[in-house]
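Listed below, chain by chain, are the residues.
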Amino acid sequence: MRFKILFSIAVHEKMDVVLDMLKNIQHYAPDSAVVLHVASDFQEEFSRYSLTDYTNVFTNPESLITGFSDQTLFFVHYANLLFAESTGIQFDKWSMFASNQLFVREGVECYLDKFDSSTYTEKLDFDIHRYRFLQDNVTKAAVDSFGFEMRKVPPEGTFYSRADILIMLSNKKLHTFFLDNLKYFVTPKLAQKRVWLNKRGKKLIRAKFGLAVRIFPNIFKRFIYASEELIFPTVLGRSNKRIGEIYCFLNWSNNLEVTKADVDKVASGCLPGVYAVKRVDRVLDDPLRVYIRESFQDHVDSSL
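Criteria and cut-off values
Residues numbered from 1 in each chain as written. Predicted model: local features only at pLDDT ≥ 70, side-chain atom pairs only at ≥ 80, totals over all residues. Heavy atoms only, no water. Pairing = 2+ DSSP bridges. Helix = DSSP H or I, 4+ residues; strand = E, 2+ residues; numbered from the N terminus. Axes fitted to C-alpha atoms, helices over the stretch in contact; angles between N-to-C directions. Buried < 20%, exposed > 50% of the residue type's maximum accessible area, 1.4 Å probe, protein only. Contact = heavy atoms within 4.5 Å. Expected span 1.5 Å × (residues − 1). Parallel < 35°, antiparallel > 145°, perpendicular 65-115°, else oblique. Left-handed = near helix turned anticlockwise from the far one by under 90°. Nonpolar A, V, L, I, M, F, W, Y, C, P; charged D, E, K, R; others polar. Phe/Tyr/Trp six-rings, centres within 6.5 Å; stacked < 30°, edge-to-face > 60°.

1. What to know about the sheet that holds strand β5 (residues 101-103)
- Read across the open sheet, the three strands follow the order β5-β10-β9; overall the sheet is mixed. Because the sheet does not close on itself, it has two edges, and the strands there are β5 and β9 (248-250). Recorded for the sheet is a direction-independent mean angle of 25° between the axes of neighbouring strands.
- Across three bridges, the pairing between β9 and strand β10 (residues 276-278) is parallel. Across the sheet, residue cysteine 248 finds its bridge partner in β10, namely alanine 276.

Next up, the structure:
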C-alpha cells in the first residue's frame, strides 16, 4: 500500500494524549500513515498500550535519548526515515508532525497532492538558532555538501516529496554526520555529556556575536540549537517547481499559543492551505484539545 503522507512524530510523554493525536490524524488524513519515535524514557509507559486499533501506525524500534533544542529532532526524524526505508513503507509526501499539533480541517491530503514540497513565505528574523548553526562547522559542512543556500523554516506543516527524501538519504556526508553523532543519542554516558554540552555551550555562546565564539571547540556548538529547522528545509525541495505553503497555523503573535478563535478560523477555511494548528497543550482534558476533539467527533456522528 502506498500512503498519501507519511507523518514523522516524536513522542515522549502522556500516552492518552498520543492516542488522542493518532485518532485526530486518522480522521483527517485516512489515507496516510504515521511513524512514531518513542523517547527512551517513555518506552515503559508506551509498551503498556496496544496500537492495534490504529491503522497505518508504525513504531520505530530505535529509541533515542532525547532532549530539547539540541539537534534531537533532526536525529529522530532522520532515524524515522531510515526505518521507513528499511521496512519498505511507500509514500508520496513526508511531513514532520509535532506531538502538540492537531488537525482541525479536512482536505490536507488533497492539498499536498497539488505540490511537490512546501515553503514558508513569512520572513523570520535572524535568530539564535540560525547563528549557532553558522558557528557549528561540523553540521554546517554536512549541509553545505548539498550546495544550497541556508534556509530556516519551522518544521510543523512542512512537507517534501519521496523523491526529495531519497536524494537526501543518498548524501554520504549527511549520512556520515548522522552516524558519527548518533552515539550522543543512544549511549547513556555520551547522552549525559550532550546534556552537559548543551547547558555549558549555551552559557558560553549565548548571544555573544563576535570573535570570542570562534575559540570554543566545535563540540560546544553542536548540541545547542534546533537543527531540524535548518537542515531539512535547506537540503530538501530545492529543485521542485510546485511549491506550496506549510499547512499548519502557528500563532507567532501570541507566543505560539493557539486560541479557540484561531481554531475556528482555520476550521472554517478562511486560511487557504491551512489544516492544522500548533500548540495544543499535551493534556487530554485541556479545553482547546477537548474542543477540537468534540468538533471532529460531531462531524463523524453527523455523517453516520
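After presenting the structure, the write-up continues.
2. Examining the pairing of strand β2 (residues 33-38)
- Burial analysis of β2 places six of its six residues in the buried class, which makes it a mostly covered element.
- By the alternation rule, side chains of β2 split into Ala33, Val35 and His37 and Val34, Leu36 and Val38, which are all buried.
- Across six bridges, the pairing between strand β1 (residues 2-11) and β2 is parallel. Of the residues in β2, the one forming a bridge with alanine 10 is histidine 37.
- Two strands pair when backbone bridges link them, and β2 and strand β3 (residues 57-60) are joined in this way by four bridges, in the parallel orientation. Paired with leucine 36 across the strands is threonine 59, a residue of β3.

3. Quick notes on the environment of isoleucine 219
- Relative to the assigned elements, isoleucine 219 resides in the loop between α10 (188-205) and α11 (231-235).
- Taking the C-alpha atoms as reference, isoleucine 219 lies 14 Å from leucine 134; in sequence the two are 85 residues apart.
- If near-sequence neighbours (up to four positions away) are discounted, isoleucine 219 is found in contact with Tyr184 and Leu197.

4. Points about the sheet that holds strand β7 (residues 160-161)
- As summarised here, the arrangement of the five strands in space is β3-β2-β1-β4-β7, forming an open sheet in which the pairing is mixed. What marks the edges here is a single partner per strand, and that holds for β3 and β7.
- Contacting β1, β2 and β3, helix α1 (residues 15-28) crosses the sheet at an angle of about 160° to β1.
- Contacts from helix α3 (residues 72-86) reach β1, β2, β3 and β4 (90-96), with the element oriented near 140° to β1.

5. Looking at α3
- Taking 1.5 Å per residue, 15 residues should reach 21 Å; α3 reaches 21 Å between its end C-alpha atoms and fits that length.
- Burial analysis of α3 places eleven of its 15 residues in the buried class, which makes it a mostly covered element.
- Among the residues making up α3, those that are buried are Thr72, Phe74, Phe75, Val76, His77, Tyr78, Ala79, Asn80, Leu81, Phe83 and Ala84.
- Where α3 terminates, the next one or two residues include glycine 88, which has phi positive at roughly 75°.

6. Quick notes on the packing of α3 against helix α8 (residues 172-181)
- In contact at an axis separation of 11 Å, α3 and α8 are set at 115° when each is read in the N-to-C sense. Relative to α8, the element α3 lies roughly perpendicular. Here the hand of the crossing between α3 and α8 comes out left-handed. Where α3 abuts α8, its residues Phe74, Phe75, Tyr78, Ala79 and Leu82 lie against Leu174, His175, Phe177, Phe178 and Asn181.
- Of the residues contributing to the contact of α3 with α8, the split by class is eight nonpolar, two polar and no charged.

7. Observations concerning the environment of isoleucine 5
- Tracing the chain through its elements places isoleucine 5 in strand β1.
- Sequence spacing of isoleucine 5 and valine 108 is 103 residues, and the spatial spacing of their C-alpha atoms is 9.3 Å.
- Aside from chain neighbours lying at most four places away, what touches isoleucine 5 is Asp31, Ser32, Ala33, Lys93, Ser95, Val108, Glu109 and Leu112.

8. Some words on the packing of aromatic side chains
- Inspection of the entire model under this criterion finds 22 aromatic pairs.
- Look at phenylalanine 7 and phenylalanine 103: their rings are 5.8 Å apart centre to centre, the planes differ by 65°, and that puts the pair in the edge-to-face class. Placement of phenylalanine 7 in strand β1 and of phenylalanine 103 in strand β5 is noted, with a sequence separation of 96 residues between them. With respect to class, phenylalanine 7 is no different from phenylalanine 103; both count as buried.
- Between tyrosine 111 and tyrosine 275, the ring centres sit 5.5 Å apart and the planes meet at 45°, which makes this aromatic pair tilted. Linking tyrosine 111 in helix α4 (residues 108-113) with tyrosine 275 in the loop between α12 (260-267) and β10, this pair joins segments that are 164 residues apart in sequence.
- Take tyrosine 111: its relative accessible area is 9%, and that puts it in the buried class.

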